[in-house]
Amino acid sequence: MFDKLEDLLIRFEELLNELNEPGVAGDPARFQKLMKEQSNLQPIVDAYKEYKACKQTVEDSLSMLEGESDEEMRELLKEELNSAKDRIAELERELKILLLPKDPNDDKNVIVEIRAGAGGDEAALFAAEMYRLYVKYAEKRRWKVELLNADEIGIGGMKEVNFMITGQGAYSRLKYESGVHRVQRVPETESGGRIHTSTITVAVMPEAEDVDVVIDEKDIRIDVMRASGNGGQCVNTTDSAVRLTHYPTGIVVYSQTEKSQLQNKAKAFALLRAKLYDIEQQKAHDAEAELRRSQIGTGDRSEKIRTYNFPQGRVTDHRIKLTLYKIDSIMDGDIDELLDSLIAADQAAKLSAMNEE
């Protein structure tokens, strides 16, 4: 591990020198690439420098203790020694986590698809509430949300909604949301006060660039039509809605949120690329079964990952057996505690798997 850290330290110094070279700032592509690499290495370098400083403190304290006779001074040196040793243990774990292989998609924006499952209108209502949850969470992190398509029902629910979240590290946090979300509550339409159970599915897909997925024009049928359902002024008066059918996979995507056919077409293609890229990612997960088992539910879309029980005011994540009694704040977008716990569990599982190798 430490040989690798020394190599990374050398590479970091090289990057700083390259960035200071005259002319680098005039080459935006190269400058951006160097800055990104520096940004990725910075936390590792900072932790390793602190680790080396703590090791030096231990050496210095031990050396001074040998020649120190004053008891009060010896106690101070022992405190400093123990503090440095404790920090070294913490930093060793931090460095192991920082050196874990990084998911190449972690820095990407995401496209999220929410679909109502079992439960009829109640499932559609919960799908709409989950859409609002993710919008509020994105706003808290100053991420941008762009609606791609929504199939709404008259009572404020959504049978399906697709949207893009643009922001640094969006996929690294939201990828843990993929799976089946279950809600238990008394629907407003239930006169007898009985608790109903409904489900929705959430798919979080990294945004795919043209270089990630090549779509052959022969494999696509493009249909344009008049938008339907709830829309703003003029949205239903022109043939602006776009539907794409991908023959090899049978995937059909639809976009009608914009007045412009070109804008809807761009959104539809973004959604299609993400779905095709996601299929490839799923194949990769299946091919690496052992790795997938060490991860916290980022692969199986049929997995029931979380239950939202409104009468008890609790949210339970079944993958890590975590229950939080703050359903109101969670539905208001306060999901960092859930996500932080999932990330920590995922890292612990990967460290354990790495130690077993």
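Residues numbered from 1 in each chain as written. Predicted model: local features only at pLDDT ≥ 70, side-chain atom pairs only at ≥ 80, totals over all residues. Heavy atoms only, no water.

Chemist: Teacher, can you tell me more about the overall build of the protein here?
Modeler: Helix and strand content of the protein: nine helices and 11 strands. Evaluated residue by residue, the protein yields a buried proportion of 43% over its 357 residues. A total accessible area of about 19300 Å² is found for the protein, and carbon and sulfur atoms account for 49% of it. (Helix = DSSP H or I, 4+ residues; strand = E, 2+ residues; numbered from the N terminus. Buried < 20%, exposed > 50% of the residue type's maximum accessible area, 1.4 Å probe, protein only. Areas by Shrake-Rupley, 256 points an atom, 1.4 Å probe, with all protein chains shown as cover.)

Chemist: Is there a simple way to think about the pairing of strand E10 (residues 314-317) in this case?
Modeler: Successive residues of a regular strand alternate their side chains across the two faces of the sheet. Because side chains alternate across E10, one face comprises the buried residues Arg314 and Thr316, and the other comprises Val315 and Asp317, equally buried. Two strands pair when backbone bridges link them, and strand E9 (residues 304-309) and E10 are joined in this way by four bridges, in the antiparallel orientation. When the sheet's bridge partners are listed, Asn309 is paired in E10 with Arg314. In sequence, E9 turns back onto E10 through a hairpin of four residues, with Gly313 there showing a positive phi of about 65 degrees. The pairing of E10 with strand E11 (residues 322-324) spans three bridges and is classified as antiparallel. The residue bridging Val315 from the neighbouring strand is Leu324, located in E11. Linking E10 back to E11 in an antiparallel pair, the connection comprises four residues, with Lys321 at a positive phi of about 55 degrees. (Pairing = 2+ DSSP bridges.)

Chemist: Explanation requested: a nonpolar patch on the surface in the structure shown.
Modeler: Residues Met64, Met73 and Leu76 make up a contiguous nonpolar surface patch of roughly 270 Å² in combined accessible area. The residue Leu76 is located in helix H3 (residues 71-98) in this model. (Patch = residues over 30% accessible without salt bridge, like charges linked within 9 Å, V, L, I, M, F, W, Y side chains within 5 Å. Salt bridge = Lys/Arg side-chain N within 4 Å of Asp/Glu carboxyl O.)

Chemist: Just checking my understanding: could you explain the nonpolar core for this structure?
Modeler: Grouped burial of nonpolar side chains is what soluble globular proteins tend to show. Core analysis: the largest hydrophobic core is formed by 39 residues, its most contacted members being Ile114, Met130, Tyr134, Ile165 and Leu174. For this core, the elements supplying multiple residues, two or more each, are strand E1 (110-116), helix H4 (120-140), strand E3 (158-166), helix H5 (170-174), strand E5 (196-206), E11, helix H8 (327-331) and helix H9 (336-356). Sort the elements by how many residues they give to this core and H4 lands first, with 10 residues. Setting aside its immediate chain neighbours within four residues, Ile165 contacts Asn109, Val110, Val112, Tyr134, Ala138, Trp143, Lys144, Val145, Ala170 and Leu174. If you look at the next biggest cluster of nonpolar residues, it comprises 24 residues, including Leu9, Leu34, Tyr48 and Val58. (Core = buried A, V, L, I, M, F, W, Y, C linked by side-chain atoms within 4.5 Å. Contact = heavy atoms within 4.5 Å.)

Chemist: What is the right way to read the sheet that holds strand E6 (residues 220-225) from this model?
Modeler: Hydrogen bonds between backbone atoms are what pair the strands of a sheet, whose relative direction is either parallel or antiparallel. Spatially, three strands are ordered E6-E7-E8 in an open sheet, and the strand pairing comes out antiparallel. Of all the strands in the sheet, just E6 and strand E8 (251-255) have a single pairing partner and so form its edges. Going from strand to strand, the sheet's axes swing by 15 degrees on average, the running direction of each strand aside. Taken together, the five bridges between strand E7 (residues 241-246) and E8 define a ladder with antiparallel strand orientation. Within E8, the residue paired with Thr245 across the bridge is Val252. (Axes fitted to C-alpha atoms, helices over the stretch in contact; angles between N-to-C directions.)

Chemist: Help me understand the packing of helix H1 (residues 2-19) against helix H2 (residues 28-67) in this model?
Modeler: Describing two packed helices takes the angle between their axes plus the distance from one axis to the other. Here H1 crosses H2 at 135 degrees, and the two axes come no closer than 8 Å. With respect to H2, the axis of H1 lies oblique. Like other packed secondary-structure pairs, H1 and H2 cross with a definite hand, here left-handed. Of the residues assigned to the contact of H1 with H2, the class counts are 16 nonpolar, two polar and eight charged. (Parallel < 35°, antiparallel > 145°, perpendicular 65-115°, else oblique. Left-handed = near helix turned anticlockwise from the far one by under 90°. Nonpolar A, V, L, I, M, F, W, Y, C, P; charged D, E, K, R; others polar.)

Chemist: Hey, could you run me through the pattern of salt bridges in this one?
Modeler: For side chains bearing opposite charge, pairing can occur when the charged atoms are close. Going through the model one piece at a time under the given rule, you end up with 32 salt bridges. A salt bridge links Lys275 to Glu113; the shortest N-O distance between them is 2.5 Å. Placement of the pair is Lys275 in helix H6 (residues 261-287) and Glu113 in strand E1, with a sequence separation of 162 residues. A residue is classified by how much of its surface remains accessible, and Lys275, at 14% relative accessible area, is buried. Exposure remark for Glu113: the relative accessible area of 9% places this residue in the buried category. Here the residues in one salt-bridge network are Arg11, Glu14, Glu18, Glu21, Arg30 and Glu37, joined through shared partners.

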